[in-house]
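Close look at the chain arrangement
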Amino acid sequence: MFTAEQLKTFTQHIFQSIGFSEADAQLAAKTLISADLRGVDSHGIARLAGYVRLFDHGRLNPKPNIRIVHETPSTGVVDGDAGVGLVVGPKTMEIVIEKAKNVGSGWISVQNSNHFGIAGYHAMMALEHDMIGMAMTNAAPLVAPTFSLEKMLGTNPIAVAVPANEEPAFVADFASTAAAYGKFEILQRKNLPAPLGWAQDVNGEITTDANPIKNGGALLPLGSDREHGSHKGYGLGAIVDIFSGVLSGANYGPWVPPFATAGFMAAAEGVGRGTGHFFGAMRVDGFRPADEFKGHMDNWIRRFRSAQAVEGKQVLVPGDPEREIEAQRLQEGLDLLDPVVKSLEELGKRFGIIL
């Protein structure tokens, strides 16, 4: 078991060892470990070695000049200068929030970035300002659109965070696929099969292979197949890709560069610059008084939680499971899988840092 502070400190020191400033290393560590705390283990410290591999392959700039390259009062494009998305994302969201303070809403698309952790972290930054936050990102092509044998889209997550008053915030954070790729990595570490409906094989047939990409298959959009609504998951992933990549000047579709999973390091010649993100923030008081809105959000949340449920179950509001896991892990610590601990120990040995 490890405490969140132990993991943050270790992560910060690893990032500093590859050239990050202390401030950027602290921010990257905080962003990354937020995933572990919220139970999204696939996007947390298990990915730390992957960020180091990006650096080793010359695809991650430890000292980026993150800057606005185009803007209006409410919109803009940020160039991440090949920085880690764990830093590019929060710094861009700060710009978005400042625009929203000034003109009611802010919207920025990002080019030339990298993997940014969990989308929810960035969206939730807007909450303390009585704003609705949004975050999304495109990713390496691992997903076959409905009826396709080709991998054309990433898992392309979407997050929306909405403030409430007495109740915890509404936070929806989900991939546009049946499952995020990180879930497959966890199954691979545990040597378990994938649930039916998560992936297809090289012939387009649904499979329980936990490593479908390696074997010529693909992940499936949310809905799994046409009869169960995969065209809707495909549509969501396409929207994220267009907002994050086509709008910003980043790569999109099959040209988005891979993260750093073994076997997927080679980045093909693209049509844009790096990975793309999209962030938004809207002032609640641009629509109605903030206290009035948040009071009604409390009512909305309570009514949904009190909905009649099937026996032995309870209706949850988006954000409930993650909030409960975070409270538990802050108190009890985080239990990491053995392969993840081994990976961290290898990083520690390389850089002379004790886990």
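Check the entry above for the structure.
Now for a quick tour of the structure. Here the residue numbers are simple positions, counted from 1 along each chain's written sequence. Local features in a predicted model are, by the rule used here, given only for residues with pLDDT of at least 70; side-chain atom pairs are given and counted only at 80 or more, and totals for whole chains, interfaces and linings are based on all residues. Note: side-chain values were computed over all heavy atoms of the structure, leaving out hydrogens and water.

Focus on the overall build of the protein chain
- The number of helices and strands found in the protein chain is 10 helices and 10 strands.
- Two things to know: the radius of gyration comes from C-alpha atoms, and the globule rule equals 2.2 Å times the number of residues to the power 0.38. Rg of the C-alpha trace for the protein chain: 20 Å, near the compact-globule value of 20 Å for 355 residues, within the 12% margin.
- Each principal axis of the C-alpha atoms in the protein chain carries an extent, and together these give about 50 × 50 × 45 Å.
- Counting across all 355 residues of the protein chain, residues that qualify as buried make up 52%.
- When contacts within the protein chain are restricted to residue pairs at least 6 apart in sequence, those whose partners lie at least 24 apart make up 65%. For the purposes of this entry, the term helix denotes a DSSP run of H or I that reaches at least four residues, the term strand denotes a run of E that reaches at least two, and both are numbered from the N terminus. Exposure categories follow from relative accessible area, calculated using a 1.4 Å probe and restricted to protein chains: below 20% of the type maximum is buried, above 50% is exposed, and the middle band is partly exposed. By definition in these notes, contact holds between two residues if any of their heavy atoms fall within 4.5 Å.

Focus: the packing of helix 1 (residues 4–17) against helix 2 (residues 22–37)
- Between helix 1 and helix 2, whose axes approach to 8 Å, the crossing angle comes to 140°. By the angle between their axes, helix 1 is oblique relative to helix 2. The interaxial crossing formed by helix 1 with helix 2 has right-handed handedness. In this structure, helix 1 uses Ala4, Leu7, Lys8, Thr11, Gln12, Phe15 and Gln16 to contact helix 2, whose residues at the interface are Glu22, Ala25, Gln26, Ala28, Ala29, Lys30, Leu32, Ile33 and Leu37.
- In this classification, Asp, Glu, Lys and Arg are treated as charged, Ala, Val, Leu, Ile, Met, Phe, Trp, Tyr, Cys and Pro as nonpolar, and every other residue, Gly included, as polar. Its residues assigned to classes, the contact of helix 1 with helix 2 shows 9 nonpolar, 4 polar and 3 charged. The axes are straight lines fitted to the C-alpha atoms, using for helices just the contacting stretch, and the angles between their N-to-C directions are given from 0 to 180°. Oblique is the label for any angle not under 35 degrees, not over 145, and not in the 65 to 115 range, which are roughly parallel, roughly antiparallel and roughly perpendicular in turn. Two helices crossing with the near one rotated counterclockwise from the far one by less than a right angle form a left-handed crossing, whereas a clockwise rotation gives a right-handed crossing.

Focus: helix 8 (residues 290–305)
- Under the 1.5 Å per step criterion, the end-to-end length of helix 8 is 22 Å for 16 residues, consistent within 8% with the ideal 22 Å.
- If you check which residues of helix 8 are buried, you get Ala290, Phe293, Lys294, Met297, Asp298, Ile301 and Arg305. The buried residues of helix 8 occupy an angular sector of 150° when projected down its axis, which confines them to one face.
- Contacts made by the buried residues of helix 8 are with strand 4 (131–137), strand 5 (158–162), strand 6 (170–174) and helix 9 (320–332). Under the convention used throughout, the expected extent of a helix is 1.5 Å for every residue step, that is, one less than its residue count. The arc in question is formed by the directions pointing from the helix axis toward the C-beta atoms.

Considering helix 7 (residues 230–246)
- The end-to-end C-alpha distance of helix 7 is 23 Å, a good match for the 24 Å that 17 residues give at a rise of 1.5 Å each.
- Buried residues in helix 7 make contact with strand 3 (105–113), strand 4, strand 5 and strand 10 (275–283).

Thoughts on the packing of helix 1 against helix 10 (residues 338–351)
- Put simply, helix 1 and helix 10 touch, their axes get as near as 11 Å, and they point 45° apart. On the basis of the axis angle, helix 1 is oblique to helix 10. The handedness of the crossing between helix 1 and helix 10 is left-handed. Contacts between helix 1 and helix 10 pair Phe10, Ile14 and Ser17 from the former with Leu344, Leu347, Gly348 and Phe351 from the latter.
- When the residues that make up the contact of helix 1 with helix 10 are grouped by side-chain class, the tally is 5 nonpolar, 2 polar and no charged.

Quick word on unusual backbone geometry
- Of note, Asn112 is a non-glycine position whose phi angle comes to about 60°, a positive value.
- Relative to the helices and strands, Asn112 resides in strand 3.
- For Asn112, a relative accessible area of 11% gives the class buried.
- Of note in the backbone geometry, Asp130 takes a positive phi value of approximately 55° without being a glycine.

Describing empty space enclosed by the protein
- Cavities and pockets are found on a 1 Å grid laid over the protein atoms alone: a cavity is a set of points where a 1.4 Å probe fits but cannot escape, a pocket is an open set with protein on both sides within 12 Å along at least five of seven lines, and a lining residue has an atom within 4 Å of such a point. Grid points are joined across faces, edges and corners, and a volume is the space filled by probe spheres set on the points. Under the criterion given, the structure shown has 1 cavity of 30 Å³ or more.
- Counted as a void, the largest cavity has a volume near 40 Å³.
- Around the largest cavity, the lining residues are Arg38, Val40, Ile118, Val171, Asp173 and Glu322.

Quick look at the packing of aromatic side chains
- Any Phe, Tyr or Trp ring, taking Trp's six-membered ring, that has another such ring centre within 6.5 Å forms a pair; planes under 30 degrees apart are called stacked, those over 60 apart edge-to-face, and the others tilted. The tally for this structure, following the rule as stated, stands at 11 aromatic pairs.
- Taken together, a centroid distance of 5.0 Å and an interplanar angle of 75° make the contact between Tyr51 and Phe259 edge-to-face. Residue Tyr51 is found in helix 3 (residues 48–56), and its partner Phe259 is found in the loop between helix 7 and strand 10; the two are separated by 208 residues along the sequence.
- Judged by centre distance (6.0 Å) and plane angle (45°), the rings of Phe116 and Phe279 are tilted. On the criterion of sequence distance, the pair formed by Phe116 in the loop between strand 3 and helix 5 (119–124) and Phe279 in strand 10 is long-range, its members being 163 residues apart.
- The class of Phe116 is buried, set by a relative accessible area of 1%.
- On the accessibility criterion, Phe279 (0% relative accessible area) is buried.
- Among the aromatic side chains, those forming a connected cluster through ring pairs are Phe15, Phe20, Tyr51 and Phe259.

Regarding the sheet that holds strand 8 (residues 206–207)
- If DSSP finds at least two bridges between two strands, the strands pair. Pairing is antiparallel in the open sheet, where 3 strands are placed in the order 8-7-9. The sheet terminates laterally at strand 8 and strand 9 (218–219), the two strands that pair on one side only.

Describing the environment of Glu205
- For Glu205, the position within the fold is in the loop between strand 7 (199–200) and strand 8.
- Taking the C-alpha atoms as reference, Glu205 lies 10.0 Å from Asp225; in sequence the two are 20 residues apart.

Some thoughts on the sheet that holds strand 6
- Judged by pairing direction, the sheet is mixed, and its 7 strands sit side by side in the order 1-2-3-10-4-5-6 without closing on themselves. Either end of the sheet is taken by a strand with one partner, and the two such strands are strand 1 (67–71) and strand 6. Each adjacent strand pair in this sheet contributes to an overall mean axis angle of 15°, direction not counted.
- Sheet topology places strand 3 next to strand 10; 7 bridges connect them, and they run antiparallel. Looking at the pairing, Ser105 lines up with Met282 of strand 10.

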